[in-house]
Amino acid sequence: MKLTMLGTGNATVTECFNTCFVFSNEENMHFLIDTGGGNRILKVLKDCNIDLDGIHDIFLTHEHIDHLLGILWLIRTIGTKIDQGGYEGTLSIYCHSELIGKVCAMAEMTIQQKICRHIGKEILFVAIETGDQMKILDSDVTFFDIGSTKAKQFGFTMVTKDGIKLSCLGDEPYNPENESFVQNSDWLMHEAFCLYGEADRFQPYEKHHSTVKEACETASCLGVSHLILYHTEETHLRNRKELYTEEGSRYYSGNLYVPDDLEWFEIRRSLRFPNT
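Since the structure is predicted, the reported quantities are computational estimates derived from the model, not experimental observations.

Definitions and cut-offs
- Residues numbered from 1 in each chain as written.
- Predicted model: local features only at pLDDT ≥ 70, side-chain atom pairs only at ≥ 80, totals over all residues.
- Heavy atoms only, no water.
- Helix = DSSP H or I, 4+ residues; strand = E, 2+ residues; numbered from the N terminus.
- Expected span 1.5 Å × (residues − 1).
- Salt bridge = Lys/Arg side-chain N within 4 Å of Asp/Glu carboxyl O.
- Buried < 20%, exposed > 50% of the residue type's maximum accessible area, 1.4 Å probe, protein only.
- Pairing = 2+ DSSP bridges.
- Axes fitted to C-alpha atoms, helices over the stretch in contact; angles between N-to-C directions.
- Contact = heavy atoms within 4.5 Å.

Engineer: Whenever I open this one, helix α3 (residues 70-83) confuses me. Can you help?
Structural biologist: Residues separated by three or four positions in an α-helix point in the same direction, a consequence of the helix having 3.6 residues per turn. With 14 residues, α3 extends 20 Å between its outermost C-alpha atoms, agreeing within 8% with the 20 Å of an ideal straight helix rising 1.5 Å per residue. Just downstream of α3, Gly-85 is the residue with a positive phi angle, here 75 degrees.

Here it is in structure tokens:
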């Protein structure tokens, strides 16, 4: 399984893209997680040579615009392909039930009816609840409510056909209530809004986010072998990898990754350094 980080930034970044990422298998089929805040999602997918024809599964974690608005461009673009006979099969969009109504309402208000008519037919919304499991890219994907107090949000765990377990916590800190889902993970994806030493400057806690220090302490407590940090500030883009890795290594002794946009990984148990 290949994981490509399409974007790594928080909601207000301009020098990198909002956090979203995609899993890809050997057959060039893709599972997209969140869609960023606009049509730049089309550009980053193109830059990564990810063909829309191979995207048949999309998961929207929650309603915040930096994770959501790109879905309208994907519905429009893939819907146009469907309308022209250039897309085979169906597109499944997984999210909680309240979000389905919001996305459909925005689509109806902003996308031509000839495209929207495919919603419910070739473009399917799948309502998820905690514990729901789907087979995606030959992997078992289990969704869970992260318990956010800001906006209802879901994370997921993925167990690949090789038995490798990856957990994604959305864009908020780990909630111990989800231990039963996250335990025994080989990989953990955790937000890290900023360095611990700059918490006074960026105020992550009042935004329900964490720092590199807390994310790494969580990964250490959970005993995961591989930790990916994302959803960060952008003031340190040029040396973010070095600064975050330096701080993180004080609290976590596993394999720590601080990816740039468009960086990719092979999801495996043994160490594999990221590529661009």
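Engineer: How should the pattern of salt bridges be read in this particular structure?
Structural biologist: Pairing is possible between side chains of opposite charge, provided their charged atoms come close. The final tally for this structure, using the stated rule, is 11 salt bridges. Here Asp-83 makes a salt bridge to Arg-117, at a shortest N to O gap of 2.6 Å. Taken as a pair, Asp-83 in helix α3 and Arg-117 in the loop between α5 (113-116) and β6 (123-127) lie far apart in primary sequence, 34 residues in all. Note on Asp-83: relative accessible area 29%, which makes it partly exposed. Residue classification places Arg-117 among the partly exposed positions, given a relative accessible area of 43%. Between Glu-263 and Lys-241 there is a salt bridge whose closest N-O contact spans 3.1 Å. Of this pair, Glu-263 sits in the loop between β13 (255-257) and β14 (264-266) while Lys-241 sits in helix α9 (residues 240-248), placing them 22 residues apart in sequence. Residue Glu-263 is classed as buried on the basis of its relative accessible area of 4%.

Engineer: Could you clarify how one ought to interpret the sheet that holds β14 in this entry?
Structural biologist: Strand pairing within a sheet occurs via backbone hydrogen bonds; the two strands may be parallel or antiparallel. The strand order across the open sheet built from 7 strands is β6-β5-β4-β3-β2-β1-β14, with neighbouring strands paired in mixed fashion. Looking at which strands have only one partner, the edges of the open sheet turn out to be β6 and β14. On average, each strand axis in the sheet is tilted by 20 degrees relative to the strand beside it, whichever way the strands run. In terms of strand pairing, strand β1 (residues 2-7) meets strand β2 (residues 20-24) through 5 bridges, oriented antiparallel. Bridged to Thr-4 within β2 is Val-22. On top of the sheet, α3 reaches β3 (30-33), β4 (55-59), β5 (91-95) and β6; it is set at about 140 degrees to β6, its chief contact. Packed on one face of the sheet, helix α4 (residues 97-110) meets β5 and β6 and runs near 150 degrees to β6.

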